[in-house]
Amino acid sequence: SAAIDAGALGMMMGPGRIPVLDALESAVCSPAAGHFLRVDCQFEGVVVSDDIGAPAVAMGRDAHTVVRRALTAGNDLLLVSAAADVHDLAERLTQATVDGAVPLDRLEAAHRRVSALAHAQEERHRRRSRSPSPSDRYEGTAAPAHRSYP
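Predicted model only: the values in this text are computed from it and were never measured. (Residues numbered from 1 in each chain as written. Predicted model: local features only at pLDDT ≥ 70, side-chain atom pairs only at ≥ 80, totals over all residues. Heavy atoms only, no water.)

## Here we look at the sheet that holds strand β1 (residues 10-13)
- Read across the open sheet, the three strands follow the order β1-β4-β5; overall the sheet is parallel. The sheet is open, and its two edges are formed by β1 and β5 (77-79), each paired on a single side. Across the sheet, the mean angle from the axis of one strand to that of its neighbour is 25°, orientation sign disregarded.
- Inspection of the sheet shows β1 paired to strand β4 (residues 46-51) by four bridges, in the parallel sense. Along β4, the bridge assignment pairs M13 with S49. (Pairing = 2+ DSSP bridges. Helix = DSSP H or I, 4+ residues; strand = E, 2+ residues; numbered from the N terminus. Axes fitted to C-alpha atoms, helices over the stretch in contact; angles between N-to-C directions.)

## What about the pairing of β4?
- With five of six residues buried, β4 lies mostly within the body of the structure.
- Bridge analysis of β4 against β5 gives two bridges, and the strand direction is parallel. Its bridge partner being in β5, D51 is matched across the sheet by L79. (Buried < 20%, exposed > 50% of the residue type's maximum accessible area, 1.4 Å probe, protein only.)

## Side note on helix α5 (residues 86-99)
- Along its 14 residues, α5 runs 20 Å from first to last C-alpha, staying within 8% of the 20 Å computed at 1.5 Å per residue.
- On its buried side, α5 packs onto α4 (63-72) and α6 (104-129).
- At the N-terminal boundary of α5, the capping side chain belongs to D85, with an oxygen 3.3 Å from the backbone nitrogen of H87.
- Just past α5, the residue G100 takes up positive phi, approximately 90°. (Expected span 1.5 Å × (residues − 1). Contact = heavy atoms within 4.5 Å. Polar contact = N/O pair within 3.5 Å; in protein donor to acceptor, adjacent residues only side chain to side chain.)

## Overview of the confidence of the model for the protein chain
- On average, the protein chain scores 88 in pLDDT, and the residues at 70 or more come to 87%.
- Low confidence marks residues 140-150, where pLDDT is under 50. Its contacts with residues over four positions away, or in another chain, come to 12 contacts. (pLDDT = per-residue confidence, 0-100.)

## A closer look at empty space enclosed by the protein
- Under the criterion given, the structure shown has one cavity of 30 Å³ or more.
- The calculated volume of the largest cavity comes to roughly 40 Å³.
- Every residue along the wall of the largest cavity is listed here: M13, G34, L37, R38, V47, A73, G74 and N75.
- Among the elements that line the lining of the largest cavity, the one with the most residues is helix α2 (residues 31-40), at three residues.
- Grouping the amino acids of the lining of the largest cavity by side-chain chemistry returns four nonpolar, three polar and one charged. (1 Å grid on protein atoms, 1.4 Å probe; cavity = no way out; pocket = protein on both sides within 12 Å on 5 of 7 lines; lining within 4 Å. Points joined across faces, edges and corners; volume = space filled by probe spheres on them. Nonpolar A, V, L, I, M, F, W, Y, C, P; charged D, E, K, R; others polar.)

## Some remarks on the side chain of S26
- Counting through the fold element by element, S26 comes out in strand β3 (residues 22-26).
- Exposure remark for S26: the relative accessible area of 0% places this residue in the buried category.
- Apart from residues lying up to four places away in sequence, S26 is in contact with G14, P15, G16, R17, A56, V57 and M59.

## So, α4
- Those residues of α4 that sit buried are H64, T65, V66, V67, A70 and L71.
- Residues of α4 that are buried sit in contact with α3 (55-58), β5, α5 and α6.
- A side-chain oxygen of the first residue of α4 lies 3.0 Å from the backbone nitrogen of H64; this N-cap is D62.
- G74 occupies a position one or two residues after α4 and carries a positive phi of about 115°.

Structural data, given as C-alpha cells:
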C-alpha cells in the first residue's frame, strides 16, 4: 500500500505463496494475488512476474502453462530465463489467444500498461538529460550549489 501511495509504476509478483490469498499457487500464477493487487489495493501500474522458470513458480509445469497462468493472473510483463525458447512461447501464446485460453483484452491491457511505463521512463530520462535553463538553477533555492543535476 505504501509503494502504491508513493506512486510506484511497477510491482513484481514473487515466487512465494500467500496463504491468506492462495495456499496452493505462487503469487506469480495466483489469480487471487492479482485480484488483491489490482482491485483491493487499486494498483494500476505494471505487474512484473518473477522468473517463470523458477522452481517455486513453475512447480513442475512447462513454461507454456506458466506463461498462460501468469498472464491470466494479472502479470503484464513476464521475466523469462535464458533457458526458455522465447519464440516458441510467443507462438504458443498467440495460439492460446486465438483459442481463447488467454483473453485478447488481457494482452491489450498488459500492452497499454507496459507502453505507458516505457513512455513515463522516456519522459523521465528526457527531463533528466536536458540542460537546465538559468531559471531552473534558482527555482526554490538560494544558490545553484543547493541543486544537483544528473
